[in-house]
Amino acid sequence: MRNIILSILGVALIIGAIYIGNNIASNKKKKRPIPEKVIKTVFTDTIKNGKVQIVIRANGSLMSKHRVELYAEVQGVFRASTTLFKPGQKYRQGETLIRIEASEYYASVQSSKSNFYNSIVAIMPDLRLDFQDIFPKWQSYLNSFDLNKTTPKLPEMTSEKENYFITGRGIISNYYNVKTLEQRLAKYTIRAPFTGILTEALVTEGSLIRSGQKLGEYIDPSVYEMEVALSKTYASLLKVGESVVLRNIEHTETYSGAVSRVNGSINTATQTITVFIEVKDEMLKEGMYLEASLNAKEENDVIEISRALFLDTQEVFIVRDSVLDLIEVKPVYFSDSNVVLRGIPDGTIILSKPIPGAYAGMLVKPYISANKSTKSYKSEKETPIKVLKSKKVK
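Quick caveat, the model's predicted, so the values are computed rather than measured. (Residues numbered from 1 in each chain as written. Predicted model: local features only at pLDDT ≥ 70, side-chain atom pairs only at ≥ 80, totals over all residues. Heavy atoms only, no water.)

## Here we look at the overall build of the protein chain
Link 1 in the chain: A count of helical and extended segments in the protein chain gives five helices and 23 strands.
Link 2 in the chain: Classification of the 394 residues of the protein chain by burial places 34% in the buried group.
Link 3 in the chain: Looking at the protein chain alone, contacts between residues at least 24 apart form 74% of all its contacts between residues at least 6 apart. (Helix = DSSP H or I, 4+ residues; strand = E, 2+ residues; numbered from the N terminus. Buried < 20%, exposed > 50% of the residue type's maximum accessible area, 1.4 Å probe, protein only. Contact = heavy atoms within 4.5 Å.)

See the structure below:
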């Protein structure tokens, strides 16, 4: 009985093994399922070439066009005045900025002027006797001479004999000695060269001022300049007088300026060219940081797209019959976020947004706006596509 049971079990195992083997063999012959094609939805634009204004962007800080660093050329004590010498103080043209004590030097100047006057008086008797024709003009000069005013210019010499006589008596040398002293005396008072404002004051009333010492800085707040460094590529595009749009960092204020100067040389270290932009506005202050947009050149038959759509191979993706393809283009200008291209025919459909992993031959379909039912379009070819028109680079 035991042998019969074992025999039956053996036969059952053999039959089971044959059945399992047949199933495994039959499964290997089954075809693998074909994966479904994934068609990505893309955003597209239709090209229409036109004019694009090339705008160069730069930034820098403002500096007054007319600024003066005040230095002392003489020594003395800073005398107090009705107007305080403090930063932010405004002055009119010709108004006294600093007055240095000069009473001692003034006395020496007056003494020299008196000696000069006496030397002319001493020659008047000789002029009356020997030079009666020139005596009246020298007498008139003496009458106009005032010790409290600037020494007047000497009368013009009309003859060689007169010149020898006046020079031989030391009148000419005394005159120029007095004028030298008067010029130095004028340096004890520093006046405003133009209407402006004091931005820095390094001395106070009563302090001792030494020759060569810096006293402060004085600027004209009505006109400012901004110095920017641009690539040498744009050297031939920049022109004096070109209008410039300036904005603050927050882009809340806009100012109008113009290119006032363009440096004639290129910086050998940075390969940049320096451009100066002049701007006038009551709200501006020295040291403000602004962004400038310079109109450099207008290009025809070009378009402007995002730099993310431009490939390193100087190609862009286009859509042909729901398939991606590549087309070669010629870049004209690069900005921070956009690129101006030439060489794409009108009516060409390109991507308006980049696709990760895109390649030539990839199946795509245009995006249909969500606020419209897909049933309203008869086919994918009727999908509304935004037309990419030329626009100015900002």
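There's more to say after this.
## So, the environment of Val-245
Link 1 in the chain: Within the fold, Val-245 resides in strand S13 (residues 243-248).
Link 2 in the chain: Classification of Val-245 as partly exposed rests on a relative accessible area of 34%.
Link 3 in the chain: Sequence-wise, Val-245 and Val-279 are 34 residues apart; in three dimensions their C-alpha atoms are separated by 9.6 Å.
Link 4 in the chain: Not counting residues within four places of it along the chain, the set of residues in contact with Val-245 comprises Thr-254, Tyr-255, Glu-291, Ala-292 and Ser-293.

## Points about helix H4 (residues 160-168)
Link 1 in the chain: All of the buried residues along H4 are Glu-162, Phe-165 and Ile-166. Buried residues of H4 fall within an arc of 95° about the axis and therefore sit on the same side. Looking at H4, the residues exposed on the side facing more than 90 degrees away from the buried face are Glu-160, Tyr-164 and Gly-168.
Link 2 in the chain: Buried residues in H4 make contact with helix H2 (103-130), helix H3 (135-144) and helix H5 (171-186).
Link 3 in the chain: Among the residues trailing H4, Gly-170 stands out with phi positive, at a value near 80°. (Arc of directions from axis to C-beta.)

## Thoughts on the side chain of Asn-49
Link 1 in the chain: Tracing the backbone through its elements, the reader meets Asn-49 in the loop between strand S2 (44-47) and strand S3 (50-64).
Link 2 in the chain: There is a polar contact of 2.7 Å between the side chain of Asn-49 and the backbone oxygen of Ile-344.
Link 3 in the chain: Among the polar contacts made by the side chain of Asn-49, one reaches the side chain of Asp-346 at a distance of 2.7 Å.
Link 4 in the chain: In contact with Asn-49, not counting residues within four places along its chain, are Asp-301, Val-302, Ile-303, Ile-344, Pro-345 and Asp-346. (Polar contact = N/O pair within 3.5 Å; in protein donor to acceptor, adjacent residues only side chain to side chain.)

## Quick word on the layout of surface pockets
Link 1 in the chain: Estimated volume of the second largest pocket: approximately 280 Å³.
Link 2 in the chain: Counting residues per element, the lining of the second largest pocket draws most heavily on strand S9 (residues 196-201), which supplies three residues.
Link 3 in the chain: Across the lining of the second largest pocket, the residue classes tally to five nonpolar, four polar and five charged. (1 Å grid on protein atoms, 1.4 Å probe; cavity = no way out; pocket = protein on both sides within 12 Å on 5 of 7 lines; lining within 4 Å. Points joined across faces, edges and corners; volume = space filled by probe spheres on them. Nonpolar A, V, L, I, M, F, W, Y, C, P; charged D, E, K, R; others polar.)

## Digging into the packing of H2 against H3
Link 1 in the chain: For the pair H2 and H3, the least separation of the axes is 10 Å and the interaxial angle reads 155°. By the angle class used here, H2 and H3 are roughly antiparallel. In the packing of H2 onto H3, the handedness of the crossing is left-handed. Across the interface between the two elements, Phe-116, Tyr-117, Ile-120, Val-121, Met-124, Leu-127 and Arg-128 from H2 touch Phe-135, Trp-138, Gln-139, Tyr-141 and Leu-142 from H3.
Link 2 in the chain: A per-class count over the contact of H2 with H3 returns ten nonpolar, one polar and one charged. (Axes fitted to C-alpha atoms, helices over the stretch in contact; angles between N-to-C directions. Parallel < 35°, antiparallel > 145°, perpendicular 65-115°, else oblique. Left-handed = near helix turned anticlockwise from the far one by under 90°.)

## Here's the deal with the packing of H2 against H5
Link 1 in the chain: It is at 10 Å that the axes of H2 and H5 come closest, and there the two elements cross at 160°. Considering the angle they form, H2 stands roughly antiparallel to H5. In this structure, H2 crosses over H5, and the sense of that crossing is left-handed. Between H2, through Tyr-105, Tyr-106, Val-109, Ser-112, Lys-113, Phe-116, Ser-119, Ile-120 and Ile-123, and H5, the contact on the second element is made entirely by Ile-171, Asn-174, Tyr-175, Val-178, Leu-181, Glu-182, Arg-184 and Leu-185.
Link 2 in the chain: When grouped by side-chain class, the residues that make up the contact of H2 with H5 number eleven nonpolar, three polar and three charged.

## A word on the pattern of salt bridges
Link 1 in the chain: Going through the model one piece at a time under the given rule, you end up with 15 salt bridges.
Link 2 in the chain: Of the charged contacts, one joins Arg-67 and Glu-217 as a salt bridge, the two residues approaching to 2.5 Å between their closest N and O atoms. Note that Arg-67 is positioned in strand S4 (residues 67-71) and Glu-217 in strand S11 (residues 214-219), a separation of 150 residues in sequence.
Link 3 in the chain: When its relative accessible area of 30% is taken as the criterion, Arg-67 is described as partly exposed. (Salt bridge = Lys/Arg side-chain N within 4 Å of Asp/Glu carboxyl O.)

## Here we look at H5
Spacing of three or four residues puts side chains on the same side of an α-helix, whose turn is 3.6 residues.
Link 1 in the chain: For H5, spanning 16 residues, the distance from its first C-alpha to its last is 23 Å, which sits close to the expected 22 Å at 1.5 Å a residue.
Link 2 in the chain: Contact partners of the buried residues in H5: H2, H3, H4 and strand S8 (189-191). (Expected span 1.5 Å × (residues − 1).)

## A look at unusual backbone geometry
Link 1 in the chain: Phi is positive for His-251, which is not a glycine, with a value near 60°.
Link 2 in the chain: Its location among the elements puts His-251 in the loop between S13 and strand S14 (254-266).
Link 3 in the chain: Look at Ser-322: it is not a glycine, yet its phi comes out positive at around 65°.
Link 4 in the chain: For Ser-322, the location among the structural elements is in the loop between strand S17 (315-320) and strand S18 (323-328).

## What about the environment of Ser-119?
Link 1 in the chain: Structurally, Ser-119 is set in helix H2.
Link 2 in the chain: Classification of Ser-119 by relative accessible area gives buried; the value is 16%.
Link 3 in the chain: Ser-119 sits 50 residues away from Arg-169 along the chain, and the two C-alpha atoms are 7.9 Å apart.
Link 4 in the chain: Residue contacts for Ser-119: discarding those within four places in its chain leaves Ile-171 and Asn-174.
Link 5 in the chain: Separated by 2.5 Å, the side chain of Ser-119 and the backbone oxygen of Phe-116 make a polar contact.

By themselves these figures say nothing about function.
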